[in-house]
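# Summary of structural features
The chain contents come next:
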Amino acid sequence: MDKTEKWPEIKKVAAEKRRELVLQGSSVDERISSEGGLTSSIYSLTLLNYLEVSQCPSLTEIHEDVRQLTNLQSLILCRNKLSSVPGGIGHLSALRVLDLSVNSLKVLPEGVTQLKELNTLNVSCNGLEVLPEGLSQCTKLSTINVSRNNLTVFPADFFSERLELLSTLVASDNSIQELSAEVHKLFALKVLDLSNNKLKEIPSNLSDCPKLKEINFKGNKLNDKRLEKMVNGCQTKSILDYLRGKGRARQGEEGHEADGGGRGADKKKRQQQRKKKVVDEQDEMEELSRMVVRVLHISDAPTALVVKVSPEVKDVRPYLVCCVVRGMNLKSGNALKRFLVAQTKLHDDLCGKRTVATIAAHDAQLLKGPLMYDVKPPTQLKIVALGRKEMTAVELIRHLHLEAEELRKQKKRQNVTGLHKYLQLLEGKPFYPCLVDAEDHVISFPPITNSEKTKIKKTTKELFLEVTSGTSLQACKDVMDALIVKMAELNKFTAEHQEEEGSDGEGDGPPEPAATAETSGELIVQQVRTVDHSGNLKVVYPSKTDLSNGISNLTVIW
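A short tour of the structure in this document, coming up.

Parameters and conventions
Residues numbered from 1 in each chain as written. Predicted model: local features only at pLDDT ≥ 70, side-chain atom pairs only at ≥ 80, totals over all residues. Heavy atoms only, no water. Helix = DSSP H or I, 4+ residues; strand = E, 2+ residues; numbered from the N terminus. Areas by Shrake-Rupley, 256 points an atom, 1.4 Å probe, with all protein chains shown as cover. Salt bridge = Lys/Arg side-chain N within 4 Å of Asp/Glu carboxyl O. Buried < 20%, exposed > 50% of the residue type's maximum accessible area, 1.4 Å probe, protein only. Contact = heavy atoms within 4.5 Å. Pairing = 2+ DSSP bridges. Axes fitted to C-alpha atoms, helices over the stretch in contact; angles between N-to-C directions. Core = buried A, V, L, I, M, F, W, Y, C linked by side-chain atoms within 4.5 Å. Phe/Tyr/Trp six-rings, centres within 6.5 Å; stacked < 30°, edge-to-face > 60°. Arc of directions from axis to C-beta. Lys, Arg positive; Asp, Glu negative; His and termini not counted. Polar contact = N/O pair within 3.5 Å; in protein donor to acceptor, adjacent residues only side chain to side chain.

Scanning the protein from terminus to terminus reveals eight helices and 23 strands. On the protein, roughly 27000 Å² of surface is accessible, and the fraction owed to carbon and sulfur atoms is 49%.

The next point concerns the pattern of salt bridges. Enumeration according to the criterion identifies 19 salt bridges in this entry. The salt bridge partner of E489 is K486, with a shortest N-O separation of 3.4 Å. Taken together, the residues E489 and K486, both in helix α8 (residues 473–496) and three residues apart, mark about one turn of the helix. A relative accessible area of 35% places E489 in the partly exposed class.

Attention now goes to the side chain of T358. On the secondary structure map, T358 appears in strand β13 (residues 358–363). Residue classification places T358 among the buried residues on the basis of a relative accessible area of 5%. The contact partners of T358, leaving out residues within four places of it in the chain, are R317, H347, P447, E466, V467 and T468.

What follows concerns the sheet that holds strand β6 (residues 143–145). Within a sheet, adjacent strands bond to each other through the backbone by hydrogen bonds, running parallel or antiparallel. Within the open sheet, the nine strands sit side by side as β1-β2-β3-β4-β5-β6-β7-β8-β9. Their pairing is parallel. The sheet is open, and its two edges are formed by β1 (20–24) and β9 (214–216), each paired on a single side. Direction aside, the axes of adjacent strands within the sheet are offset by 5° on average. Direction of pairing for strand β5 (residues 120–122) relative to β6: parallel, over a ladder of three bridges.

Moving on to the pairing of strand β11 (residues 306–309). Only one face of β11 is covered, namely the face carrying V307 and V309; the face carrying V306 and K308 is uncovered. Strand direction decides the pairing type here: β11 and strand β21 (residues 523–531), joined by three bridges, are parallel. Paired with V306 across the bridge in β21 is R529. One ladder, built from three bridges, connects β11 with strand β14 (residues 371–376); its direction is parallel. Counterpart to V309 in the pairing with β14 is Y373.

One broad trend across soluble globular proteins is that nonpolar side chains are buried collectively. With 73 residues, the main nonpolar core has L38, I42, V53, L98, L192, L206 and F217 as its most contacted residues. Secondary structure elements with two or more residues in this core: α1 (8–16), β1, α2 (26–35), β2 (50–54), α3 (225–231) and α4 (236–257). Here this core takes four residues from α4, the largest share from any one element. Residues within four places of L38 in sequence aside, it is in contact with W7, L23, I32, Y43, V53, L59 and I62. Ranked by size, the runner-up nonpolar core spans 34 residues in total, among them L463, V479, M480 and V539.

The subject of this paragraph is the packing of aromatic side chains. Throughout the structure, instances matching the rule amount to four aromatic pairs. Ring centres of F154 and F159 lie 5.2 Å apart, and the angle between their planes is 80°; this geometry places the pair in the edge-to-face category. We classify F159 as buried; its relative accessible area is 8%. Ring geometry for F158 and F159: centres 5.1 Å apart, planes at 90°, overall edge-to-face. Across this residue pair, the class does not change: F158 and F159 are buried. Taken together, the ring pairs in this structure connect F154, F158 and F159 into an aromatic cluster.

Our next topic: α1. Buried within α1 are the following residues: E9, I10, K12 and V13. In a view along the axis of α1, the buried residues occupy a sector of 160°, so they form one face of it. Residue K17 follows α1 closely and has a positive phi angle near 50°.

What follows concerns the side chain of E52. With respect to the element layout, E52 can be found in strand β2. At 7.3 Å, R79 is the nearest oppositely charged side chain to E52, a buried residue that forms no salt bridge. A polar contact of 2.9 Å, which involves the side chain of E52, links it to the side chain of S54. What E52 contacts, discounting residues up to four positions off in sequence, is L21, V22, L23, Q24, I76 and H297.

Residue P370 is bonded to the preceding G369 through a cis peptide linkage, with omega at 5°. The omega angle of the peptide bond from Y541 to P542 is -5°, so this bond is cis rather than trans. Take P542: it is sitting in the loop between β22 (537–541) and β23 (554–557). Of note in the backbone geometry, V102 takes a positive phi value of approximately 55° without being a glycine. Topologically, V102 is positioned in the loop between β4 (97–99) and β5. Classification of V102 by relative accessible area gives partly exposed; the value is 35%. Located in the positive-phi region is C125, a residue other than glycine, with phi close to 60°. Take C125: it is sitting in the loop between β5 and β6.

What follows concerns α2. Every buried residue of α2 is accounted for by V28, D29, R31 and I32. Viewed along the axis of α2, the buried residues span an arc of 160°, placing them on a single side of the element. Those residues of α2 that are exposed and angled more than 90 degrees off the buried face are S26, E30 and S34. Looking one or two residues beyond α2, the residue adopting positive phi is G36, at roughly 75°.

And the structure:
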């Protein structure tokens, strides 16, 4: 039997020259167990830029041939039982995200230090006792998570000015005994978590990290008992101020011993204070505009919606990505109107007046899954379109044509507005695409409209978002990325501008408390899988290559 026969996911990726492959769960694990490892055919998929193999306890090693996947940008090998990773990983010159969390690793290969494009390294929940020397050569590192290991020290070269982009360092739940005074060289550091270690001292130089906003040293038995009390109950600013004071006191003692250099030291100190003030002002502006999106992994939501894709859509409108968004405040003031206006603008601009892609938003709590993305003949496709009664697609389009003609007569012009300008996109099509729920109700008819049954209102708490395209999968992803970023912007605006509820006439349902600080702008995006008719994964959104288009004020938490 051909090796790929047991691995239809790999066969499909190879045949269609896809760039993403996700293998996870019990069915994959059974195949890995029966074959004694991951099939070698996976290493021939050299076009891949995203590979995920997760939740497979039978996976204990990765072959050296992984070096052949030189186009990989994200390699996700989390929640397996890996005991080693080959040094050949250092040949993945384009790799930006490496996730080896929740495995059984004792060491990392030196090859990791050769990953010059690496942005995110997650090796949490392993048994690592040391980190490889030379991590400072990965100069594009922004986030490092080494929590829940057995580390006692950081590598000698770790606290280096070369890591000028490192903003998040999480090393909680280890046995680290010392934090180097060189930590101040991590100029971009914003988040530092060293909770539950074996630290005795916190260097005063930590207060010289100009962008540091969040620190956690809880669970360490510090020699300075006042400081220990502070780290267990005070804000970051108070702790840094205390450390800064200790540093000044020490400098003062040294100054008495070398008074001759006092004037020069004072001048240097004033320059540092001016520089810090400028940095503080910049950071304050940056913090005011910061938006947070938290991604909820499929494995953390076992009842997550799944969308099955019919093979017939291939010749009609083949591409689809979906996700569920929570935390979007549509209740306050004109928030709902702003969201709908933003969606219309995306349709006109990035979606090329729906010729490139189409967005639909539904109230997720009104959906009955699983969902099916399918096609129907125009006479058989029935939908309760927004603001209308149930009718077939043929009747709906006839109505829309008549409305368009009436508008032309009334306004004495040739161009049309609203849904009418999209009618030509379906001309001559024998089948129309549609998204159908578990009760066979059509809830979306792209690129024309979606259903009144799942219409979003001010009371909507969870949104199911879909983007379809006849152009490419990447077009869907780009549009969805842009939509979520815009939603984060709108949510932040709503949180910062107090408006009365119900001011745009959609205030049905009992009144609820205004948004609290807990919900002030942070969105939660739940991954949604789309699968083929046999249940094989087609795409999951968002993946770790999504929402990564360099938006400086957007923080995506995985």
